Amino acid sequence: QVQPVESGGGLAQVGDSLRLSCAASGHTFSSYTMGWFRQAPGKEREFVAAIGWSGGHTYYGDFVKGRFTISRDNAKNTVYLQMNSLKPEDTAVYYCAASPDLLAQRAYEFPYWGQGTQVTVSS
């Protein structure tokens with residue numbers, strides 16, 4: 001079992017970059033696929049990216065289009081989301097989640113969730 005804790009959110013301007021971090025407690029971090037989701041006010045939770053156990057498999061939501069990069073450091077029990085060329089529509093609460101399923105990409109496939117970190121992009 002892992003407990004994700006997100007950090008790194010905040011206020012950004014259009015075109016800026018932000019890096020989100022997610023530190024996960026537990027001794028089996030490297031056995032979990034880690035994912036990032038986001039939820040904007042009044043909208044459903046949306047898949048952003050996921051990375052497999054060893055970092056060899058990465059998946060991205062269609063809207064990412066090369067702007068975001070997910071990575072992980074198993075020695076630090078941490079997963080990152082590098083977000084570049086931020087847009088106002090990227091404004092949302094970003095959640096980190098963990099799944100034992102290597103190919104997990106849907107929210108219901110992730111049983112462990114963090115509390116979320118707010119990202120606000122202003123124009």
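As the structure is a computational prediction, the values presented were derived from the model and not from experiment. (Residues numbered from 1 in each chain as written. Predicted model: local features only at pLDDT ≥ 70, side-chain atom pairs only at ≥ 80, totals over all residues. Heavy atoms only, no water.)

Colleague: Describe the side chain of R38, and please don't skip the residues or the numbers.
Modeller: Position of R38 relative to the elements: it lies in strand β4 (residues 33-39). Since its relative accessible area comes to 7%, R38 is described here as buried. When neighbours within four sequence positions are excluded, R38 is seen to be in contact with E44, R45, E46, V48, F63, F68, E89, D90, A92, V93 and Y94. (Helix = DSSP H or I, 4+ residues; strand = E, 2+ residues; numbered from the N terminus. Buried < 20%, exposed > 50% of the residue type's maximum accessible area, 1.4 Å probe, protein only. Contact = heavy atoms within 4.5 Å.)

Colleague: Hey, could you go over the packing of aromatic side chains for me, with residue numbers and the actual values?
Modeller: Under the criterion given, the structure shown has seven aromatic pairs. Between F37 and F47 the ring centres are 5.6 Å apart and the planes differ by 65 degrees, which places this aromatic pair in the edge-to-face class. Within this pair, whereas F37 is found in strand β4, its partner F47 is found in strand β5 (residues 46-51), the two being separated by 10 residues in sequence. Given the relative accessible area of 1%, F37 is considered buried. Considering the side-chain rings of F63 and F68, the 6.1 Å spacing of their centres and the 85 degrees angle between planes classify their relative orientation as edge-to-face. The class for F68 is buried, based on a relative accessible area of 3%. Site record: aromatic cluster; members linked through ring pairs are F37, F47, Y95, F110 and W113. (Phe/Tyr/Trp six-rings, centres within 6.5 Å; stacked < 30°, edge-to-face > 60°.)

Colleague: Give a description of the side chain of D90 that names residues and reports values.
Modeller: Checked against the element boundaries, D90 lands in the loop between β8 (78-83) and β9 (92-99). A polar contact is formed between the side chain of D90 and the side chain of R38, at a distance of 2.8 Å. When neighbours within four sequence positions are excluded, D90 is seen to be in contact with R38, F63, R67, F68, S85, V119 and V121. (Polar contact = N/O pair within 3.5 Å; in protein donor to acceptor, adjacent residues only side chain to side chain.)

Colleague: Give a detailed account of the environment of G9, specifying residues and quantitative values.
Modeller: Tracing the sequence through the fold places G9 in the loop between β1 (3-7) and β2 (10-13). Taking C-alpha positions, G9 is 7.7 Å from R19, a pair spaced 10 residues apart along the chain.

Colleague: A description of the state of the cysteines should follow, citing residues and the corresponding values.
Modeller: Under the definition given, this model contains one disulfide. Sulfur-sulfur distance for the disulfide between C22 and C96 comes to 2.1 Å. Measuring the twist about the S-S bond at about -80 degrees, one finds the C22-C96 disulfide to be left-handed. Within this pair, whereas C22 is found in strand β3 (residues 18-25), its partner C96 is found in strand β9, the two being separated by 74 residues in sequence. Here C96 falls in the buried class, since its relative accessible area comes to 0%. (Disulfide = S-S within 2.5 Å.)

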